[in-house]
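Take a look at the letters that make up each chain.
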Amino acid sequence: MNISPRWQKVLSDLWKNKTRSLSIIASIAVGLLAIGIIANLFFSLNRDMTSSFKSINPANVQFTTSLIDQDMVDHIQRIDGVKAVEGAREFTMQVLNAEGNWDGIEIQSKNYGAAQIGLTTLLEGTRLPEKDQIVLSNNKINTLGVKVGDWVTLRDSDGNQYKLQVVGIVQDQMLGTTGSTGGFFLANTWGYVDHATLKKMSVALPDYFNKLYITVKGDAEQQDLLKQIGTSIYNDLEKNGVTIIQYSTRTPTNHPNVSLVNAIVGLLFMLTFLIVFLSGILITNTLQFLLTQQMQQVGVMKSIGATRNQVIGIYMALILIFGLIAFAITAPVTAVFTDLLMKFLGKTINFIYSGFHPNLIVMLIQIFLALIVPQVAGMLPILRGTNLSVQEALSGIQQHAAISDSWFDRQVNHIKGIARPNLIALRNVFRKKGRLALTLISLSMAGAVFISVFSVRVSFMDYISKIGQYFLADLNITLSTSERVDEIKQILYSNPEIKYVEPWSGARALLVNADGSSGDSVSFTAMPNGSKLITPIMIEGRWLDPRDENAIVLNDQFMTDFPDVKVGDTITLKVNDHDSDWVVVGFYRLVGNLGGLSSYVNLNYFVSLPGQVQNHASVYRVVARDTLDSSQEKVLAAKVQTMLEARNIKVSGISTASFINDSAADGFNVLVLVLMILAILIAMVGGIGLTGTMGMNIMERTREIGIMRSIGASDKVLIRMVLIEGLLIGWVSWGIGALLSLPISRIMSNNLTRSLFGSQSDFVLSITGYVIWFVVVSILSVLASLIPARSATRLTVREVLSYE
Amino acid sequence: MATDRKVSHKRGATPLIRVQGIKKVFHSGAGEFTALDGIDLDFYSGEFVGIVGKSGSGKSTLANMITGIDHPTEGKIEIEGQIITGMNESDMSIWRGNNLGIVFQFYQLLPTLTLLENVILPMDFCNRFENGEREERARSLLGMVGLEALADKLPAMTSGGEQQTTAIARALANDPPILIADEPTGNLDTRTAESVFNLFCKLAKDGKTIIMVTHDPALAERTSRIVKLHDGKVVTDSSDEEQKRR
């Protein structure tokens, strides 16, 4: 024999009682896994999002303009501070999707062979399309149902159709960078074609560009520098007679979806500490179980010469080995889970995941926690267990233990009217109050977070549906040009399925700074006075009144970017090249950071401004007579398009209400998925804790069980008693967790929406979460009780009575 | 095998163990219970003492006092000049490991260690004998009790008698002068009990001082001295009677 018996005992205790060892290792591993995944995500998300966005050499300044030629592009190149500029032609078409409906698609054409700015990442095929070929972005590829080699059908506003072969699929991190089109999640599929294909599709002036992608010299991280250079370019373009439709700036490390990542990371950190705390409680409880089982052995060791310190050393060594094993198991599992999660997030939030890189800091954190937390958590049970006298340890009877006769115990003992075995089960719940408290803390917190996740999800869904209130129509029709309102209404009303039509209008608008220079782009929407098709979420002030003239309402992003602008202030916007003053009457909540700056004004006043055409509109919102589901909306959209094109009305695109809602939901589903994973981890912590508690409770009552068996209790009765005890603990924890979930879910929801939208959303409670957790905790309670109960009933009466 | 000696000490010799005025009161929900009510006893080197009495007479409690497993409410116990009452737990453990061997009714072997490892354990804790010597000594002890062939077995793989015999070997691991056995045959069948008792007799003959608690008067008769307890008091002590006879 090479090792001394006391260390042999450590190894034997580890190996011989595998169930117990696994339970302890699982308690430690759960906490380590959560910490590992969270810490890895924190480091990896920030690293990959920043570096992958930077790696594509994103445009620092973007302009959407009227058509310009190559000379103008070359001219921009020579402006002070401009490092590089690339021109592109971009416009909207429609593409036939897998269901046979027409979806919007953004077409881009530029010299991809020479392009250096805003590079796409090749996923499949080639990035360089040739004539009659198209490369597609991957963001909505599933709805198209195509792969490399397939053909897609595009349709322009004249109704002409073109078939192009898909030769590549790419990931484009530039989607959502302008911020004014609803961001990445609402973006259409993008199709990249070459110049020859443009010509074939009869695009007017195919040699001209309407989009400029510009990088600057100097430190592009300086937003002021970007604005300064952007303003210079803006003024120069204006001076040269170019109309600017949209203008935005962005630093090279500012990924458009970073706010979503910040929200995820913020939430994860909030839950990290909770998981470590719960894991610590779980470990304490489980180690208490171990020490309780070993109490007699502690007494024996002390009786044959072991000092208290020697016994403590034995158990500290055992815990150390548990911690090391937990780390050894968790480290690769952490890597696998992190890798899977990052791959999913990379695809969903649109960044390039560089692959799993073992992070030394994360590993050190995990090792530290694996070694230290169990020792700290186990210290109290070890000290308590080794502090008993030999007599107490051998007999299991603590001579000086207080006999509990509190008011609470007397109330419990006085409960009448239920069968005696069930009464015993009820009293058993409260016998070990310290242990019960620890179990309830971990299980209740687990339940509170689990329920809160559902409430947060419902709050998000509610928020999304409220966003949908901004688009109450079934269809949003965008025409290629403004058309007479009366004519369009006549066409649309000829369809008996259509109940109501409202003409809307939009314009390109730029903020005008105090010095007269042009600032950020603002999405500018003119709605019919008193429109019934919008129900805004007001934060401050009021919505537009039908009698308002130059009143304007601004979205929540304004409050973040321009905190000095208040209700009652007057702002100047350059709308369709004309400066106009607007009085701010209110702020509404939309999608905050994810959607850019937006505003609404009354249509009547808008059309009276210089440069506007009365009684014309390019956007029409349509309400159907019946309530339509998603597929029915698409059918109606197709009919409407046909009707309009039959009358030579060019349709740029028709979006349905469900498309808007579903797209907005995509981003939040990522968050909800992360939350659900954490909720499951937390539920596991609670479940393991309850299993340990029930195991300890049964073990301590083995003799009682034997006595009950000797006086007539069947296995069924005994198991039922144990199940009742477990279920009562589970249900009490459910009640406490349900109460705790109220503040916790509110805190979680507020933190998330503040990160995402810059402001709090309304909180909605989810009954589903309560019901599901009730079912889960009941199942956990049954499982946690069943195993120790069955073990106890398998012992013979003789065995249990001689147990001590 | 009965012992020949009924009296094993000489008048005037210094007692190995002195129990003076020992009182033990237990507190429970039902009130106080006096398990030992002023016990005065001296034990001499080489004695094989049987402590008898009915259930509740205080005999196991007395054994626990002598072994330091439990502490008296009043009184003093001195062993080989060392007052053990009032020692802290840690010092008591060390002293006990070196000077006492304890045999319990339910063997109390560590279940995850082999018989050999169980016997080595006290040497390990008390750092007695060189590392290499410990295994040899343990095998020798197991051989002495006839269990060398089972040295590498776990306790669960052996019979009650074999476990109790191993417990005796473990009690001898650090070569203590005193063995305290609390109902060592209480959980054994008659034949095995006889075999274990014979082992004690042999050890007594070899000079060990043995104090054995038993409820079996027949076994007690075979010791060299019988101390009878009743309701926490000494009612008879065969050494006193022998002294009177002289």
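Each chain carries its own residue numbering, running from 1 in the direction its sequence is written. As a convention, the first chain written is A and the first ligand written is 1, with the rest following in written order. The predicted origin of the model limits local features to residues at a pLDDT of at least 70 and limits the giving and counting of side-chain atom pairs to 80 or more, whereas totals for whole chains, interfaces and linings rest on all residues. Computation of side-chain values: all heavy atoms of the structure, hydrogens and water removed.

Colleague: Whenever I open this one, the pairing of strand β4 (residues 74–79) of chain B confuses me. Can you help?
Modeller: All names here are of chain B. Any two strands with at least two DSSP bridges between them are considered paired. Strands here mean DSSP runs of E at least two residues long; helices mean DSSP runs of H or I at least four residues long; both are numbered from the N terminus. Here strand β1 (residues 17–28) pairs with β4 via five bridges, running antiparallel. Considered in β4, the bridge of Gln20 is made with Lys76. Looking at chain direction, β4 and strand β5 (residues 82–83) are connected through two bridges and run antiparallel. Its bridge partner being in β5, Glu78 is matched across the sheet by Ile83. Counting the residues that bridge the hairpin from β4 to β5 gives two residues, and of these Glu80 lies at a positive phi of roughly 50°.

Colleague: I tried to follow unusual backbone geometry on my own but got confused; where do I start?
Modeller: Excluding glycine, residues mostly carry a negative phi; peptide bonds, for their part, are mostly trans. Although it is not a glycine, Leu205 of chain A sits at a positive phi angle of roughly 50°. On the secondary structure map, Leu205 of chain A appears in the loop between α5 (195–200) and β9 (209–216). Burial status follows relative accessibility: with a 1.4 Å probe on protein chains alone, a residue under 20% of its type maximum counts as buried, one over 50% as exposed, and anything between as partly exposed. Judged by its relative accessible area of 47%, Leu205 of chain A falls in the partly exposed class. Positive phi values are uncommon outside glycine, yet Glu80 of chain B reaches one of about 50°. Mapped onto the secondary structure, Glu80 of chain B falls in the loop between β4 and β5.

Colleague: I tried to follow the pairing of strand β10 (residues 233–237) of chain B on my own but got confused; where do I start?
Modeller: A regular strand places its side chains so that they alternate between the two faces of the sheet. Residues and elements named next belong to chain B. Two elements, strand β9 (residues 225–230) and β10, share four bridges in a ladder whose sense is antiparallel. Within β10, the residue paired with Lys228 across the bridge is Thr236. Connecting the antiparallel pair β9 and β10 is a turn made up of two residues, with Asp231 showing a positive phi of about 50°.

Colleague: Where do I start with the packing of helix α2 (residues 18–55) of chain A against helix α9 (residues 308–349) of chain A in this structure?
Modeller: A pair of packed helices is captured by two measures, namely the crossing angle of their axes and the spacing between those axes. Residue and element names in this part refer to chain A. Angles here are taken between N-to-C directions and fall from 0 to 180 degrees, while the axes themselves are lines fitted to C-alpha atoms, restricted in helices to the stretch in contact. With their axes 7 Å apart at the nearest point, α2 and α9 run at an angle of 35° to one another. Once α2 is placed against α9, the crossing between them reads as right-handed. Taken together, the residues that form the contact of α2 with α9 break down as 21 nonpolar, eight polar and one charged. Less than a right angle of anticlockwise turn of the near helix away from the far helix marks a crossing as left-handed, whereas a clockwise turn marks it as right-handed. Any residue that is not Ala, Val, Leu, Ile, Met, Phe, Trp, Tyr, Cys, Pro, Asp, Glu, Lys or Arg is counted as polar, Gly included; the first ten are nonpolar and the last four charged.

Colleague: Help me understand the side chain of Arg96 of chain B in this model?
Modeller: As for its position among the elements, Arg96 of chain B is in helix α2 (residues 89–99). One buried charged residue, Arg96 of chain B, forms no salt bridge at all, with the nearest opposite charge on Glu89 of chain B at 4.8 Å. In protein, a polar contact means a hydrogen-donor-capable atom and an acceptor-capable atom, both N or O and within 3.5 Å, with residues adjacent in sequence counting only if both atoms are side-chain atoms; elsewhere, any N or O pair within 3.5 Å suffices. From its side chain, Arg96 of chain B meets the backbone oxygen of Gly68 of chain B in a polar contact 3.3 Å long. Once residues within four sequence positions are removed from consideration, Arg96 of chain B is found in contact with Lys302, Ser303 and Val390 of chain A together with Thr67, Gly68, Ile69 and Ile102 of chain B. In this tally Asp and Glu are treated as negative and Lys and Arg as positive; neither His nor the chain ends contributes. Just to be clear on terms, a salt bridge is a Lys or Arg side-chain nitrogen sitting within 4 Å of an Asp or Glu carboxyl oxygen. Contacts are assigned to residue pairs with any non-hydrogen atoms lying within 4.5 Å of each other.

Colleague: Could you clarify how one ought to interpret the sheet that holds β1 of chain B in this entry?
Modeller: Whenever strands of a sheet pair, they do so through backbone hydrogen bonds, lying parallel or antiparallel. Here we have four strands laid out as an open sheet, ordered β2-β1-β4-β5 (chain B), and antiparallel in their pairing. Looking at strand neighbours, the two that pair on one side only are β2 (31–43) and β5 of chain B, the edges of this open sheet.

Colleague: Is there a simple way to think about the environment of Thr92 of chain A in this case?
Modeller: Residues and elements named next belong to chain A. Structurally, the position occupied by Thr92 is in strand β2 (residues 82–96). Look at Thr92 and you get partly exposed, because its relative accessible area is 34%. For the pair formed by Thr92 and Ile24, sequence separation is 68 residues and the distance between their alpha carbons is 60 Å. Look past the residues within four positions of Thr92 in its chain and what remains in contact with it is Ile105, Glu106 and Ser652. A distance of 3.0 Å separates polar atoms of two side chains, one belonging to Thr92 and the other to Glu106.

Colleague: Just checking my understanding: could you explain the side chain of Ser109 of chain A for this structure?
Modeller: Residues and elements named next belong to chain A. Looking at where Ser109 falls in the secondary structure, it is placed in strand β3 (residues 102–109). The exposure class of Ser109 is buried, given its relative accessible area of 5%. For Ser109, the side chain forms a polar contact with the main-chain oxygen of Val193, separated by 3.1 Å. If we ignore the near neighbours within four places in the chain, the residues touching Ser109 are Ala88, Arg89, Val193, Asp194, His195 and Leu198.

Colleague: Quick question: what am I supposed to make of the packing of aromatic side chains here?
Modeller: For any pair of aromatic rings, the description consists of the separation of the ring centres together with the inter-plane angle of the planes. All names here are of chain A. The criterion for an aromatic pair is that two Phe, Tyr or Trp rings (for Trp, the six-membered ring) have centres within 6.5 Å, with stacked assigned to planes under 30 degrees apart, edge-to-face to planes over 60 apart and tilted to the rest. In this structure the tally under the stated criterion is 20 aromatic pairs over all chains. Aromatic pair Trp504 and Tyr600: ring centres 6.4 Å apart, planes at 80°, arrangement edge-to-face. Pair noted here: Trp504 is in strand β12 (residues 498–512) and Tyr600 is in strand β18 (residues 598–602), with a separation of 96 residues, a long-range link. Comparing Trp504 with Tyr600 shows no difference in burial state: the two are buried. Seen from their ring centres, Phe524 and Trp582 are 5.5 Å apart, and the 65° between their planes marks the pair as edge-to-face. Here the residue Phe524 occupies a position in strand β13 (residues 518–527), and Trp582 occupies one in strand β17 (residues 578–589), the gap between them amounting to 58 residues. Accessibility classification places Phe524 together with Trp582 in one group, the buried group. Of the aromatic side chains, those joined through ring pairs into one cluster are Trp504, Trp543, Tyr588 and Tyr600.

Colleague: What am I meant to see in the confidence of the model for chain A here?
Modeller: In low-pLDDT regions, the fine details of the predicted coordinates are not to be read closely. For every residue, the pLDDT score states the predictor's confidence, bounded by 0 at the bottom and 100 at the top. When pLDDT is averaged across chain A, the result is 85; 93% of the residues are at 70 or more. Across residues 399–403 of chain A the pLDDT falls below 50, and counting only partners more than four positions away or on other chains, this stretch makes nine contacts in the model.

Colleague: I would appreciate a short explanation of the pattern of salt bridges in the present structure.
Modeller: Pairing is possible between side chains of opposite charge, provided their charged atoms come close. All names here are of chain B. Tallying each qualifying case throughout the model produces 27 salt bridges over all chains. Among the ionic pairs, Asp152 bridges to Arg139, the shortest N-O distance being 3.9 Å. You can see Asp152 sitting in the loop between α4 (131–144) and α5 (160–171) and its partner Arg139 sitting in helix α4, a full 13 residues away along the chain. The exposure class of Arg139 is partly exposed, given its relative accessible area of 26%. Between Asp175 and Lys208 there is a salt bridge whose closest N-O contact spans 2.7 Å.

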